[in-house]
Amino acid sequence: MRHRHLSTLTLALGIAVLLDVLRVWLPSVITLFGRAAETPAELLGAFALGWFLLALAAPALVRRTGAAPVGLVAAVVLAAARLALTAQPGGPAQLWLACAGLLAGLVWLAATAASVPRPVAGLALGMAGNAVGHALLGTEDLVWRGGVLAWSLSALLVPAFLAASAAGPSPTGAGHGTTGRRIRVPGRRAWLLCGPALLLAGQVALAPALWSAAAGTGSPAFPGLARPGSGALPGALAVLLFLAAALFRAPARVARVLWPLALLAGSVLFVTGHLVPAYLLTAAGLGGCLALTDTTGDGPAAADDAAGRGDDGRAGARRGRAAALGMLVFAVATVAYYAAYDLGYPNGWAPVATAVLVALVAATAPLRPAPTAPDPTAPGAAAPGPVLPTTVRVAALAALTALAGLAAVLHVPPAQARATAAPAAVRVAAYNIRMGFGLDGRLDLDALARELRGADIVLLSEVDRGWWLNGGHDTLALLARRLEMPYVFAPAADPVWGDAVLSRFPARSGQARRLTAHGAPTGAQALGVTLDLGGRELAVVATHLQPPPGRDPVEQAREVAAFAGRYAAGRPLVLGGDLNTEPADPAFAEFTGAGLVDALAPARPLRTSPADDPRTQIDHVFVSPGLTATEVRAPRTEASDHLPVTLTVTLP
């Protein structure tokens, strides 16, 4: 071996590259293959799971051909797909490049597992490093950024991964057994947890968008509402807890109780909306559970296996199968969590069940730690991935924690607006932004910002603040920084998906109301915000009605109209969003029947969906009597699957 710790470095770099591809593949499946919910959820799920099922054949290929050639070819394909995606192709090219990169990454994992029985340090550093990079970029990946920065940093990461892969040891994953006895496979538990750990890290523990969304928890004037704030500093604490638990072994008998309990508690807090303790506990628990599996095997034969006397091709194949099965768990849990928003079942069990699996595997791992320096020259030896020196572990922990904290300085949220002289009119925009993804499947926040510039008040629907299925971006914070507008956010479907109000005027108070589902699979809410227009108050309500399948959202419309009337309490009112109802439908009549005025009436018919061929009028703005709407437009753009509606509202 050219360097004792080269396998750890290669694994860490490869995990970072694979996560970059996953951040493109996941939303591409939804926006391109799924075509914004036009594709049945069952077919979409089958397409997504199919790639992970294909990867189950990788261990057999590795044992027949050898881990070194299979791993190197897969690394080259993974790297090529990652660089090609940096060109931001969009459309079908983006989908199939991401699929090719994903499958290559899964095969590479299986090949790596065949030769590395000590993967915990590499997995932990790869996950933490990718999360820190994501935070430093403000949760907007290099793949979506493009330009000189994206190509420059990609040109450092991807070649480094390829160079480490090519310079690595020559493992013996294709060898035949020499002992005839049943062996206890070193590293199998750790590799089985690779997929579940990637899911819990990306969804909860090491999710910079979640750190950002959880940073503001409101004030007495805004009970329960997230407000602008930087989550990078508590996020840095999450990185510290994760790496400390993963890289530094706690007393085993304490750790096998403490870390699983912390992980389970964090997953439960996540699904109940307590985001800050959720990601801190999950980070510590996940890192600790990985550390519990960092042993040479599952029984008395483990030490012999790690030293190479029993770790033949069969052992490598079993580790490869464990890695492939772990990634299948990743896929099943991801699809199960998000399919609920199409099929309508409770989905909180998915991350909790994943945490239970990780906790069980970790808690039942053998207590005996692995030797730190097995003989790499022994016949049939696998690359051991030895324990990193203490100085290296401390340096990595300190550097990644400091870089996570630096993101707080680099990405300061817009400050609260200052009071101004009372305007005679305000420019209002309402836009369903589809989590920031355009019709071509690309995350293009610059295109969204171009459509919203010039607005004084912006009402947003389908705002994503960290959905792992969409790549884990804080779309709201990214868009607010581009527009230099502070925001108020309220969750709807889960703690990080909902509606928002951005304003150039100070927000003085707010209130949110969860709407009854009435059979709809996705949750909905109404967000009221009071704005100070130079001493005059304007009530603003943002909502996104979710109709039950085949029905008009008349019940939710009635709830929102009643809420808006109570919240405005006689003040001028602007209400808008994606209401999923046409002007002739009963739900629309609930708003006009409540005394509100259709502000878009001067421009009817004003079709807003789908963006490439508008046929329906489902995005609306209503105002209270006495407010006058002019300059009503729905500019053509494909930055989302809806068109924005913009108008000027003259105050009485």
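Residues numbered from 1 in each chain as written. Predicted model: local features only at pLDDT ≥ 70, side-chain atom pairs only at ≥ 80, totals over all residues. Heavy atoms only, no water.

## Considering the overall build of the protein
For clarity, the cut-off: Secondary structure follows DSSP: runs of H or I at least 4 residues long count as helices, runs of E at least 2 residues long count as strands, and numbering of each begins at the N terminus. Exposure is judged per residue with a 1.4 Å probe applied to protein chains only, and the accessible area is read against the type maximum: over 50% gives exposed, under 20% gives buried, and values in between give partly exposed. Every residue pair with non-hydrogen atoms within 4.5 Å of one another is taken to be in contact. The accessible surface values rely on the Shrake-Rupley method and a 1.4 Å probe; as for residues, cover is taken only from the protein chains in view.
Across its full length, the protein carries 22 helices and twelve strands. Within the span of the protein, comprising 652 residues, buried residues form 61% of the whole. In the protein, of all internal contacts separated by at least 6 residues, the share reaching a separation of at least 24 is 79%. Split by element, the accessible area of the protein, about 22300 Å² in all, is 63% carbon and sulfur.

## What about the nonpolar core?
Note the following rule: We call a set of buried Ala, Val, Leu, Ile, Met, Phe, Trp, Tyr and Cys residues a nonpolar core when their side-chain atoms join them within 4.5 Å.
Counting residues in each nonpolar core, the largest one holds 151 residues, and the members touching the most others are Trp25, Met127, Trp191, Phe242, Leu243, Leu460 and Leu502. Of the residues forming this core, the biggest block, 15 residues, is contributed by helix α1 (residues 6-33). Once residues within four sequence positions are removed from consideration, tryptophan 191 is found in contact with Leu11, Leu109, Thr112, Ala113, Val116, Pro119, Leu123, Arg319, Ala322 and Ala323. Among the nonpolar cores identified, the runner-up in size contains 33 residues, and Ala430, Ile457, Val501 and Ala629 belong to it.

## Some thoughts on the side chain of aspartate 552
Inclusion rule: We treat Lys and Arg as the positive residues and Asp and Glu as the negative residues; His and chain ends play no part in the count. In what follows, salt bridge is the name for a side-chain nitrogen of Lys or Arg lying within 4 Å of a carboxyl oxygen of Asp or Glu.
Its place among the elements puts aspartate 552 in the loop between β7 (536-544) and α21 (554-568). Although aspartate 552 is buried, it forms no salt bridge, and the closest oppositely charged side chain is arginine 558 at an N-O distance of 8.6 Å. Beyond its immediate sequence surroundings of up to four residues, aspartate 552 is in contact with Pro547, Asn580, Thr581, Asp585, Pro586 and Ala587.

## Re the confidence of the model for the protein
Going by this rule: Confidence of the predictor in every single residue is expressed as pLDDT, which spans 0 to 100.
In the predicted model, the protein carries a mean pLDDT of 87, and 88% of its residues have values of at least 70. Per-element averaging of pLDDT across the protein places helix α15 (residues 302-306) at the bottom with 40 and strand β10 (residues 619-623) at the top with 98. Predicted confidence for residues 170-183 stays below pLDDT 50, and this span has 36 contacts to residues more than four positions away or in other chains. In the predicted structure, residues 297-310 sits below a pLDDT of 50 and forms 40 contacts with residues beyond four places in sequence or in another chain.

## Regarding helix α11 (residues 208-215)
An α-helical turn contains 3.6 residues, so a residue and the one three or four places further along point in the same direction. The element α11 is extensively covered by neighbouring structure, given that seven of its eight residues are classed as buried. Every buried residue of α11 is listed here: Pro208, Ala209, Leu210, Trp211, Ser212, Ala213 and Ala214.

## Remarks on the packing of helix α10 (residues 194-205) against helix α14 (residues 275-292)
This is how it is decided: Under this scheme, a helix contributes an axis fitted over its contacting stretch, all axes are lines through C-alpha atoms, and angles between N-to-C directions fall in the 0 to 180 degree range. Roughly parallel covers angles under 35 degrees, roughly antiparallel covers those over 145, roughly perpendicular covers 65 to 115, and oblique covers all other angles. By definition, any crossing whose near helix is turned counterclockwise from its far helix by less than a right angle is left-handed, and any crossing with a clockwise turn is right-handed. Residues are sorted three ways: Asp, Glu, Lys and Arg are charged, Ala, Val, Leu, Ile, Met, Phe, Trp, Tyr, Cys and Pro are nonpolar, and all the rest, Gly among them, are polar.
With their axes 9 Å apart at the nearest point, α10 and α14 run at an angle of 160 degrees to one another. Accordingly, the angle class assigned to the pair α10 and α14 is roughly antiparallel. As for how α10 packs across α14, the hand of that crossing is left-handed. Of α14, the residues touching α10 (which contributes Ala197, Leu200, Ala201, Val204 and Ala205) are Ala278, Tyr279, Thr282, Ala283, Leu286 and Leu290. In the contact of α10 with α14, the residues fall into ten nonpolar, one polar and no charged.

## Considerations on unusual backbone geometry
Note that the residue after arginine 604, namely proline 605, is joined by a cis bond; omega there is -5 degrees. The residue proline 605 is located in the loop between β9 (597-598) and β10 in this model. The omega angle of the peptide bond from serine 609 to proline 610 is -5 degrees, so this bond is cis rather than trans. One non-glycine residue with positive phi stands out, namely methionine 435, at about 60 degrees. Within the secondary structure, methionine 435 sits in the loop between β1 (425-432) and α19 (445-452). On the basis of relative accessibility, which here comes to 10%, the residue methionine 435 falls in the buried class. We note that glutamate 631 has phi near 50 degrees; this positive angle belongs to a residue other than glycine. Following the sequence through the fold, glutamate 631 ends up in strand β11 (residues 628-633). A residue is classified by how much of its surface remains accessible, and glutamate 631, at 54% relative accessible area, is exposed.

## Digging into the sheet that holds strand β6 (residues 524-533)
The following threshold applies: Strand pairing is assigned whenever DSSP identifies at least 2 bridges connecting the two strands.
Reading across the sheet, the six strands line up as β5-β6-β7-β8-β10-β9 and stay open at both edges, with mixed pairing between neighbours. A single partner strand is all that each edge strand has here, and the edge strands are β5 (507-515) and β9. Alignment of β5 against β6, held across eight bridges, turns out to be antiparallel. Note that in β6 the partner of alanine 507 across the bridge is leucine 531. Its contacts with the sheet place α21 against β5, β6, β7 and β8 (573-578), and it is angled at close to 155 degrees to β5. Running at roughly 15 degrees to β10, helix α22 (residues 586-593) makes contact with β8, β9 and β10 of the sheet.

## Focus on the sheet that holds strand β12 (residues 645-650)
The strand order β3-β4-β2-β1-β12-β11 describes an open sheet built from six strands, whose pairing is mixed. Each end of this open sheet is capped by a strand with a single partner; those strands are β3 (487-494) and β11. Neighbour-to-neighbour, the strand axes of the sheet open up by a mean angle of 20 degrees, direction not taken into account. One ladder, built from six bridges, connects β1 with β12; its direction is antiparallel. Each bridged residue has a counterpart across the sheet, and for valine 426 the counterpart in β12 is valine 649. Each of β1 and β2 (457-464) touches α19; the most contacted strand, β1, lies at about 145 degrees to it. The strands that helix α20 (residues 475-483) touches are β2, β3 and β4 (497-503); relative to β2, the one it contacts most, it runs at about 150 degrees.

## Some remarks on the packing of α11 against α14
Packed helix pairs are characterised by how far apart their axes lie and by the angle those axes make with each other. Between α11 and α14, the least distance of the axes is 9 Å, while the angle of their chain directions is 145 degrees. In this structure, α11 uses Leu210, Trp211 and Ala214 to contact α14, whose residues at the interface are Leu275, Val276 and Tyr279. Here the contact of α11 with α14 is built from residues that sort into six nonpolar, no polar and no charged.

## Side note on helix α2 (residues 41-54)
As a reminder, the rule being used: Expected helix span is taken as 1.5 Å per residue step, with the number of steps being one fewer than the number of residues.
Spanning 14 residues, α2 covers 20 Å between terminal C-alpha atoms, matching the ideal 20 Å at 1.5 Å per step. Taken residue by residue, α2 has Ala41, Leu44, Gly45, Phe47, Ala48, Trp51 and Phe52 as its buried positions.

## Thoughts on a nonpolar patch on the surface
For clarity, the threshold we go by: Nonpolar side chains (Val, Leu, Ile, Met, Phe, Trp, Tyr) within 5 Å and like charges within 9 Å form the patches, drawn only from residues with over 30% relative accessible area and no salt bridge.
Together, Leu403, Leu406, Val409 and Leu410 give the surface a local cluster of nonpolar side chains, amounting to about 350 Å² of exposed area. Along the chain, the position of valine 409 falls in helix α18 (residues 390-410). The class of valine 409 is exposed, set by a relative accessible area of 62%.

## A short note on the packing of aromatic side chains
This is how the line gets drawn: Note on aromatic pairs: the rings of Phe, Tyr and Trp (six-membered ring only in Trp) are paired at centre separations within 6.5 Å, and the planes decide the class, stacked below 30 degrees, edge-to-face beyond 60, tilted for the rest. Ring-over charges, as used throughout, are those where CZ of Arg or NZ of Lys falls within 6 Å of the ring centre and within 35 degrees of the ring normal.
In this structure the tally under the stated criterion is 19 aromatic pairs. Aromatic pair tryptophan 144 and phenylalanine 437: ring centres 5.8 Å apart, planes at 80 degrees, arrangement edge-to-face. Of this pair, tryptophan 144 sits in helix α7 (residues 142-145) while phenylalanine 437 sits in the loop between β1 and α19, placing them 293 residues apart in sequence. Look at tryptophan 144 and you get buried, because its relative accessible area is 3%. Members of the aromatic cluster, each reached through a chain of ring pairs, are Tyr337, Tyr338, Tyr341, Trp467 and Trp497. Stacked on the ring of phenylalanine 489, the Lys or Arg arginine 465 has its end atom at 5.4 Å from the ring centre.

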